[in-house]
Structure formats: structure tokens, C-alpha cells
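# Overview (structure and organization)
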Amino acid sequence: MANQDPQPEIYTTSHTFDATLGAISANTSNVVSIFTNQANNEEVRLYAVAVQILDDATGASATSLIDFNLAIGVGPNYVPSNSFDISWLQTNLANGGQVLAFSCPILCLFQQPLQITVTNNAEVTAGQTRKVKITLIGELAIQKVACR
């Protein structure tokens, strides 16, 4: 429930590709659902995404094997309709990284599932582990209704 209108929101998901027991083939997906906890008269608007790809063994920003795609699912559809490359968004911890601002907000209404799917485009070789942190930047707002 929104305490202010609109209320800033940050949603963070973590996707781990753990190849300590064996290699992970390319095009393996990791899906995480986000529960927005909005009321029936509220909507979530997502304005931007930030990405961190970490070497899970050291916790440092990964410099190799950073080839991943991202798909954002709202309800039964992906928005945008295709997954997109997030390798160039890899956050360099020294300079604060980059944020991809959407040209128009992604709208999530009441009881629409919000799912984040990260797919590796290259094989994760045995002994490596990559953690991909996705941060969605948006707001929770009360839906506006035209009254007569």
C-alpha cells in the first residue's frame, strides 16, 4: 500500500549461475518472481534497470563471462517483447555503473505477475560461478480515475 503518491520503489533480484559441480550450458535461464504487494487501486511503473554481474567466489565485479540477456515479464507478456543484452550494463563498481532508462514506463497492475528472466548466452565453465543482480527502479502509485 502506497504511503505517498507516487511512492519510489526499488526491486532487486539475484540470479546465480553456479557451475562449481559442472559446466552450465549456454541458453540456461534463471527466473525470479517479484511480489509488488500493491492494492487493487494501485499500479507499479518501472522506469529503469541497473545490472551487476559478480564473480560469486570473490564478490567482485566480473570481468569475464558477462554475456547475459534479460527479459521482463508482466502478466502473460514480456515487455519489451524480446529479451535484450545486458552485458553493456555491467556495473563497474569503480564508476557506479550504468542504468538503462526505458523510453516509456513498464506498467504492472494488480495481481499481474512480475518475472525477471536472466539467460546466459555463453557456457559457464566448471568451477565458475556468476551472480547477476538486477535492480528495477520505479514507483508505486494510486490509479487515477476520471469522475463525473
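Now for a look at the structure at hand.

Reading the values: the criteria
- Residues numbered from 1 in each chain as written.
- Predicted model: local features only at pLDDT ≥ 70, side-chain atom pairs only at ≥ 80, totals over all residues.
- Heavy atoms only, no water.
- Helix = DSSP H or I, 4+ residues; strand = E, 2+ residues; numbered from the N terminus.
- Buried < 20%, exposed > 50% of the residue type's maximum accessible area, 1.4 Å probe, protein only.
- Salt bridge = Lys/Arg side-chain N within 4 Å of Asp/Glu carboxyl O.
- Core = buried A, V, L, I, M, F, W, Y, C linked by side-chain atoms within 4.5 Å.
- Contact = heavy atoms within 4.5 Å.
- Pairing = 2+ DSSP bridges.
- Axes fitted to C-alpha atoms, helices over the stretch in contact; angles between N-to-C directions.
- 1 Å grid on protein atoms, 1.4 Å probe; cavity = no way out; pocket = protein on both sides within 12 Å on 5 of 7 lines; lining within 4 Å.
- Points joined across faces, edges and corners; volume = space filled by probe spheres on them.
- Polar contact = N/O pair within 3.5 Å; in protein donor to acceptor, adjacent residues only side chain to side chain.

Another point: the overall build of the chain. When helices and strands are counted, the chain shows zero helices and nine strands. Starting at the N terminus and ending at the C terminus, the chain contains elements arranged as β-β-β-β-β-β-β-β-β. With the C-alpha coordinates aligned to their principal axes, the bounding extent of the chain is approximately 65 × 35 × 25 Å. Per-residue burial for the chain yields a buried fraction of 40% across its 148 residues.

The next subject is the pattern of salt bridges. Under the criterion given, the structure shown has three salt bridges. Between E43 and R45 there is a salt bridge, with the nearest N and O atoms lying 2.7 Å from each other. By relative accessible area, which is 17% here, R45 ends up buried. Linking D55 and R130 is a salt bridge whose minimum nitrogen-to-oxygen distance equals 3.5 Å. Taken together, the residues D55 in strand β3 (residues 42-55) and R130 in strand β9 (residues 129-142) connect sequence positions 75 residues apart. In this structure, a network of salt bridges that share partners links the residues E43, R45 and E139.

Next up on the list: the nonpolar core. In this structure, L70, I72, I86, V132, I134 and L136 are the most contacted members of the largest nonpolar core, which totals 30 residues. Where this core is concerned, the elements lending two or more residues are β1 (7-18), β3, β4 (68-74), β7 (99-108), β8 (114-120) and β9. For this core, the element with the highest residue contribution is β3, accounting for five residues. With residues up to four places along the chain from it excluded, the contact list for I86 reads V51, F68, N69, L70, V132 and I134.

Take the sheet that holds β7 next. One open sheet holds the four strands; their spatial order is β1-β9-β3-β7, and the pairing between them is antiparallel. The open sheet is flanked by β1 and β7, the only strands paired with a single partner. Mean inter-strand twist for the sheet, computed between neighbouring axes without regard to direction, equals 25°. Looking at chain direction, β3 and β7 are connected through six bridges and run antiparallel. Residue pairing across strands places A50 opposite V99, the latter belonging to β7.

Considering only enclosed or pocket space, the largest pocket measures out at about 160 Å³ in volume. Lining the largest pocket are 13 residues, and of these I34, F35, T36, Q112 and P113 lie nearest its centre. Those elements that place two or more of their residues in the lining of the largest pocket are β2 (29-34) and β8.

This next bit is on the side chain of Q38. Note that Q38 resides in the loop between β2 and β3. Here E42 takes part through its backbone oxygen, which lies 3.2 Å from a polar atom of the side chain of Q38. Polar contacts involving the side chain of Q38 include one to the main-chain carbonyl oxygen of L109, which spans 3.2 Å. Excluding its chain neighbours within four sequence positions, the residues that come into contact with Q38 are E43, V44, C108, L109, F110 and L140.

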